[in-house]
Amino acid sequence: MTPKQFDKTTLKLFEPVLREHGFTTESSRLCTFHRKVSDEIYHLIMPSLGSRGAWYRVMVFPASPAIDPTFFEYFPDDLGVPSDSWSYLSGQGIGLGTEQFSCNSEENFVRRFENTVRNLLTDIAIPYLDQFKQVADMLPIIKQPGFMGLALHHVGRVTEARPILEKERSRLAATGSSERVVTALIERI
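Residues numbered from 1 in each chain as written. Predicted model: local features only at pLDDT ≥ 70, side-chain atom pairs only at ≥ 80, totals over all residues. Heavy atoms only, no water.

Undergrad: Summarise the environment of valine 17; cite the residues concerned and give the values.
TA: In this fold, valine 17 is placed in helix 1 (residues 3–19). The class of valine 17 is buried, set by a relative accessible area of 5%. In this structure the C-alpha to C-alpha distance between valine 17 and tyrosine 42, which are 25 residues apart in sequence, comes to 18 Å. (Helix = DSSP H or I, 4+ residues; strand = E, 2+ residues; numbered from the N terminus. Buried < 20%, exposed > 50% of the residue type's maximum accessible area, 1.4 Å probe, protein only.)

Undergrad: Give me the packing of aromatic side chains: which residues, what numbers.
TA: Under the definition given, this model contains 13 aromatic pairs. Seen in terms of ring centroids, phenylalanine 6 and tyrosine 56 are 5.5 Å apart; in terms of plane orientation they differ by 55°. Their pairing is tilted. In this pair, phenylalanine 6 is assigned in helix 1 and tyrosine 56 in strand 3 (residues 55–63), connecting sequence segments 50 residues apart. Take phenylalanine 6: its relative accessible area is 2%, and that puts it in the buried class. Looking at tyrosine 56, the relative accessible area reads 0%, which means it is buried. A network of ring pairs unites the aromatic residues Phe6, Phe14, Phe33, Tyr56, Phe101, Phe109 and Phe113 as a single cluster. Lysine 143 extends its terminal NZ or CZ atom over the ring of tryptophan 86, reaching a point 5.1 Å from the ring centre. (Phe/Tyr/Trp six-rings, centres within 6.5 Å; stacked < 30°, edge-to-face > 60°. Lys NZ or Arg CZ within 6 Å of the ring centre and 35° of its normal.)

Undergrad: Now, about the pattern of salt bridges: what can you tell me, with residues and values included?
TA: This model, assessed by the stated rule, comprises 12 salt bridges. Ionic pairing is found between arginine 19 and glutamate 15, a salt bridge with its closest N-O pair at 2.8 Å. One end of the pair is arginine 19 and the other is glutamate 15, both in helix 1 and four residues apart, which spans about a single turn. Of the charged contacts, one joins aspartate 78 and arginine 29 as a salt bridge, the two residues approaching to 3.1 Å between their closest N and O atoms. Here aspartate 78 is found in the loop between helix 2 (71–74) and strand 4 (88–90), whereas its partner arginine 29 is found in the loop between helix 1 and strand 1 (33–38), with 49 residues between them in sequence. (Salt bridge = Lys/Arg side-chain N within 4 Å of Asp/Glu carboxyl O.)

Undergrad: Which residues make up the pairing of strand 3, and what values do they have?
TA: Burial within strand 3 is extensive, with eight of its nine residues counted as buried. The pairing of strand 2 (residues 41–49) with strand 3 spans eight bridges and is antiparallel. Opposite isoleucine 45, over in strand 3, you have valine 60 as the bridge partner. The hairpin formed by strand 2 and strand 3 contains five residues between the paired strands, and arginine 52 there has a positive phi angle of roughly 60°. (Pairing = 2+ DSSP bridges.)

If you want it as structure tokens, here you go:
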């Protein structure tokens, strides 16, 4: 399956299911589904095509402009994922264990979606995301140090945030990177 076919089929299958839960693909170049919960929390569901177009996987995570200084520049398709690799949808829930769903043909994609993925979205992904209503709710799942430091600071836990942010600033500064994400994070810290 080509990326263009994947996006078209994903929109056709995922959109009716996720729209019922307030998700849209507005502003997405791809097939990134998102919903705004509040000014500080957004929920994202990102199906992504794997190598050779034979399979795909689905990332499910909350994100926040309060902890991501480039949030609105990269929203929705290119956001950093606060929970890092612990964001994949599988029959066991949302976590590190990624499940690859077959999509080597449109027929196979449709069958796998109807038999498995649809229920995983409604029974696992949506309830998982529903628990994140504010930045404080995200703290247990944040794996990226920069996001964690900014989240702790945002919720008023400044004493805990300070050493994390200082260490992250030093680490990022040492890279010498001029990438926008890096410079924005250093500026925010």
